[in-house]
Amino acid sequence: MKIAISSDHGGNNLRHEIINLLAELGVEFVDFGPNSDESVDYPDFAAPVANGVASGNFDRGILICGTGIGMSIAANKVKGIRCALVHDVFSAKATREHNDTNVLAMGERVIGAGHAREIVATWLNTSFEGGRHERRIGKLMELENDQ
C-alpha cells in the first residue's frame, strides 16, 4: 500500500506523528508537506494528495488540518475521491467497510496524537465489505458523472 499524506500549518504536528506511525508499520508513503509552520492554504496541500489517489499513483491519502473540514471539502472536489472526516475509531472502520473511502481527513485541534494513530491504523487495516455497499458507491460515482 502506498499512501500520500499532507497537511496545512494547523495539522503539521499531527502529520509528523502519523508519518512516524506509517514508518513504524512499514507503509510506503510520500509526504507532500508543508515543510514549515508558516501559514499556508489547505487546498494547495489537499490537491496533490487527492489528485495522486484519483490518478492511481497512490492507494490512499491522509490529510490533516486544524479541524479536518477544509481538507475534506477540498479533497472531495476531485473526481474519484471519497474523503471522510473522521475523529473516532468506529467511524474510521465504518467508512472503509461501507464507503470504501480512499482519503482520510483529521483535525489536529480536535483529537490527540494517540487517538489519531488508532484511527489511522484502523482505517489502513480495514477492507471494503462490498456487497450492498457496491451499489451505493456506484450511485455516488454517478453523481460525479452528472456534473
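We now turn to the structure provided with this report.

Basis of the calculations
Residues numbered from 1 in each chain as written. Predicted model: local features only at pLDDT ≥ 70, side-chain atom pairs only at ≥ 80, totals over all residues. Heavy atoms only, no water. Helix = DSSP H or I, 4+ residues; strand = E, 2+ residues; numbered from the N terminus. Rg over C-alpha atoms; globule rule 2.2 N^0.38 Å. Contact = heavy atoms within 4.5 Å. Areas by Shrake-Rupley, 256 points an atom, 1.4 Å probe, with all protein chains shown as cover. Lys, Arg positive; Asp, Glu negative; His and termini not counted. Charge placed at Lys NZ, Arg CZ, Asp CG, Glu CD. Patch = residues over 30% accessible without salt bridge, like charges linked within 9 Å, V, L, I, M, F, W, Y side chains within 5 Å. Salt bridge = Lys/Arg side-chain N within 4 Å of Asp/Glu carboxyl O. Axes fitted to C-alpha atoms, helices over the stretch in contact; angles between N-to-C directions. Parallel < 35°, antiparallel > 145°, perpendicular 65-115°, else oblique. Left-handed = near helix turned anticlockwise from the far one by under 90°. Nonpolar A, V, L, I, M, F, W, Y, C, P; charged D, E, K, R; others polar. Disulfide = S-S within 2.5 Å. Buried < 20%, exposed > 50% of the residue type's maximum accessible area, 1.4 Å probe, protein only. Expected span 1.5 Å × (residues − 1).

## A word on the overall build of the protein
Phase 1 of the analysis: Counting its regular elements, the protein contains six helices and five strands.
Phase 2 of the analysis: The helix and strand sequence of the protein, counted from the amino end, reads β-α-β-α-β-α-β-α-β-α-α.
Phase 3 of the analysis: Here the C-alpha atoms of the protein give a radius of gyration of 14 Å, agreeing with the 15 Å that 2.2 N^0.38 yields for 147 residues.
Phase 4 of the analysis: The principal-axis extents of the C-alpha atoms in the protein amount to approximately 40 × 30 × 25 Å.
Phase 5 of the analysis: For the protein, long-range pairs separated by at least 24 residues make up 70% of all intrachain contacts whose partners lie at least 6 apart in sequence.
Phase 6 of the analysis: Approximately 7,200 Å² of the protein is accessible, and the part contributed by carbon and sulfur atoms is 48%.
Phase 7 of the analysis: Once the 14 positive and 20 negative side-chain charges of the protein are each reduced to a mean point, those two points are 8 Å apart.

## A look at a positive patch on the surface
Phase 1 of the analysis: On the surface, Arg-132, Arg-135, Arg-136 and Lys-139 cluster together to form a positively charged patch.
Phase 2 of the analysis: Along the chain, Arg-136 falls in helix α6 (residues 132-145).

## Concerning the packing of helix α4 (residues 89-99) against helix α5 (residues 113-125)
Phase 1 of the analysis: Between α4 and α5, whose axes approach to 8 Å, the crossing angle comes to 20 degrees. What the angle tells us is that α4 and α5 run roughly parallel. Crossing of α4 over α5 shows right-handed handedness. Where α4 abuts α5, its residues Val-89, Ala-92, Lys-93, Thr-95 and Arg-96 lie against His-115, Glu-118, Ile-119, Thr-122 and Trp-123.
Phase 2 of the analysis: In the contact of α4 with α5, the residues fall into four nonpolar, three polar and three charged.

## What about unusual backbone geometry?
Phase 1 of the analysis: A cis geometry characterises the amide bond from Gly-33 onward to Pro-34, with omega recorded as 15 degrees.
Phase 2 of the analysis: Positionally, Pro-34 belongs in the loop between β2 (28-31) and α2 (42-54).
Phase 3 of the analysis: Although it is not a glycine, Asp-100 sits at a positive phi angle of roughly 50 degrees.
Phase 4 of the analysis: Assignment of secondary structure puts Asp-100 in the loop between α4 and β5 (103-107).

## Considerations on the state of the cysteines
Phase 1 of the analysis: A full pass over the atoms with the stated rule returns zero disulfides.
Phase 2 of the analysis: Free of any disulfide, Cys-83 has its nearest neighbouring cysteine sulfur in Cys-65, separated by 9.6 Å.
Phase 3 of the analysis: You can call Cys-83 buried: its relative accessible area is 10%.

## Describing α2
Phase 1 of the analysis: Helix length check: α2 (13 residues) gives 18 Å between terminal C-alpha atoms against 18 Å at 1.5 Å per residue, within 8%.
Phase 2 of the analysis: The secondary structure elements touched by the buried residues of α2 are β1 (2-7), β3 (60-65), α3 (69-75) and β5.
Phase 3 of the analysis: Once α2 ends, the next one or two residues include Gly-56, with phi positive near 90 degrees.

## Some words on the environment of Ala-74
Phase 1 of the analysis: With respect to the helices and strands, Ala-74 occurs in helix α3.
Phase 2 of the analysis: Accessibility expressed as a relative area gives 16% for Ala-74, which makes it buried.
Phase 3 of the analysis: Separated by 58 residues in the primary sequence, Ala-74 and His-16 place their C-alpha atoms 21 Å from one another.
Phase 4 of the analysis: For Ala-74, the residues in contact, after removing those within four places along its chain, are Tyr-42, Pro-43 and Ala-46.

By themselves, these are just geometric observations and shouldn't be taken as functional.
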